[in-house]
Amino acid sequence: MDLVYRPERYPFLTQDLPGVGGTIRLLPEDFQVEEVPAYLPSGEGEHLYFLLEKEGLTTRQVVEFLRDEVGVPEKAIGVAGLKDKHAKTRQWFSIPRQHEDALCLLENLRGVRLLDAGLHTNKLRTGHLKGNRFRILIRGAKDREKAEAILKALAEKGLPNYYGPQRFGLGGLNPVRGYQLVKRGKGRGSPWLKRFLVGSLQSLLFNDWVALRMARGLYDRVVPGDWAKKHATGGEFLVEREEEAERALRLEISATGPLFGKKYPEAQGEARALEDEILARYGLRREDFALRRGARRPIRVPLQEWRVEEVPEGLWLAFFLPKGSYATSLLREVMKVEVDAPEEILTEEGE
């Protein structure tokens, strides 16, 4: 039973297309991420939204600065998602309006720049964004046509929605610690850390499910008993008719996999058997995740707004991905090498 995250376990969708090689993240500005918010601040309310550009800092480090130096209670700080440390990112935060005057203390946090601010009626919460725009330099890559062929194929079939290595921690060991928590129910660390570790185990099981569906020829298919996601609206429904297969082939809908927990739509029939196969691989049961809420995640996501620019340093890729998906999943397809090896990253979910 191997619960260590190893990216080579997960097949490429475009394995028949040669990659461009190269390296990423030599400099923070090589990896640029901009949040696309679900809404902008309305101009009134008791919460202050502000847009930060940051380099060399995790989202968690900014939250801790706001808590420790600005004096904002951690529960009152809002973020829509987590962003990579080794990148140049633009991300929205929110704090109660009463702390507005202390926001100038951000000048003491090296690596951040305040770009915008405005009032809104509610706290910013996880998932309150449409997605992220990326602009990434692959240094040493020269073959623009290869990159474009891969991106075209991903745009047609959808990008495999694997969780990236950022989710699995140093050495890819977070799922092992998460397994110990769900089996023993005890462990050291803060509640936030424990949730993160169990979430890492959920993520590994999901990645295994994606790989299994790909191996069975079910990546761009739905089967009776699947819960499918409508990409245009985000709605989910139980697949009961085989006619839905045509919609899946057109990338209108996709099968969703489980993030096991106490409250989520459960698959049926053949689709459920595939999920059971993954659980049995590790001696797990659905009941082991009773303390987690649970959710479903699509097997693939649409790739939009993509383009490639060739420069002397290599290839710039620009693209948009919906919230919760990982740019590293796209980069490994284009480069055909593993990116952000677990030994080199921190336990921060980088979208």
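Residues numbered from 1 in each chain as written. Predicted model: local features only at pLDDT ≥ 70, side-chain atom pairs only at ≥ 80, totals over all residues. Heavy atoms only, no water.

With 43 residues, the main nonpolar core has Leu201, Leu205, Trp209, Leu284 and Phe289 as its most contacted residues. When contributions to this core are tallied by element, the ones reaching two or more residues are helix 3 (174–184), helix 4 (191–215), strand 10 (253–259) and helix 6 (269–281). For this core, the element with the most residues is helix 4, which contributes 11 residues. (Core = buried A, V, L, I, M, F, W, Y, C linked by side-chain atoms within 4.5 Å. Buried < 20%, exposed > 50% of the residue type's maximum accessible area, 1.4 Å probe, protein only. Helix = DSSP H or I, 4+ residues; strand = E, 2+ residues; numbered from the N terminus.)

Right, let's get into the sheet that holds strand 10. Spatially, four strands are ordered 9-8-10-11 in an open sheet, and the strand pairing comes out antiparallel. Looking at the sheet topology across the chains shown, the edges are occupied by strand 9 (236–238) and strand 11 (295–298). In this sheet, adjacent strand axes meet at a mean angle of 45 degrees when their direction is disregarded. Across three bridges, strand 8 (residues 227–230) lies against strand 10 in antiparallel orientation. Bridging across to strand 10, Lys229 finds its partner in Ser254. (Pairing = 2+ DSSP bridges. Axes fitted to C-alpha atoms, helices over the stretch in contact; angles between N-to-C directions.)

In this section: the packing of aromatic side chains. Summed over all chains, the structure comprises 13 aromatic pairs. On the basis of an interplanar angle of 45 degrees and a centroid distance of 5.4 Å, the ring pair of Tyr10 and Tyr162 is categorised as tilted. Taken together, the positions of Tyr10 in the segment before strand 1 (31–37) and Tyr162 in the loop between strand 7 (159–160) and helix 3 put the pair 152 residues apart, joining distant regions of the chain. A single burial state applies to Tyr10 and to Tyr162, both of which are buried. Centre to centre, the rings of Tyr39 and Tyr49 are 6.3 Å apart; their planes meet at 45 degrees, and the pair counts as tilted. With Tyr39 in the loop between strand 1 and strand 2 (47–55) and Tyr49 in strand 2, this residue pair connects regions lying 10 residues apart in the sequence. Classification of Tyr39 as partly exposed rests on a relative accessible area of 25%. Owing to a relative accessible area of 1%, Tyr49 belongs among the buried residues under this scheme. (Phe/Tyr/Trp six-rings, centres within 6.5 Å; stacked < 30°, edge-to-face > 60°.)

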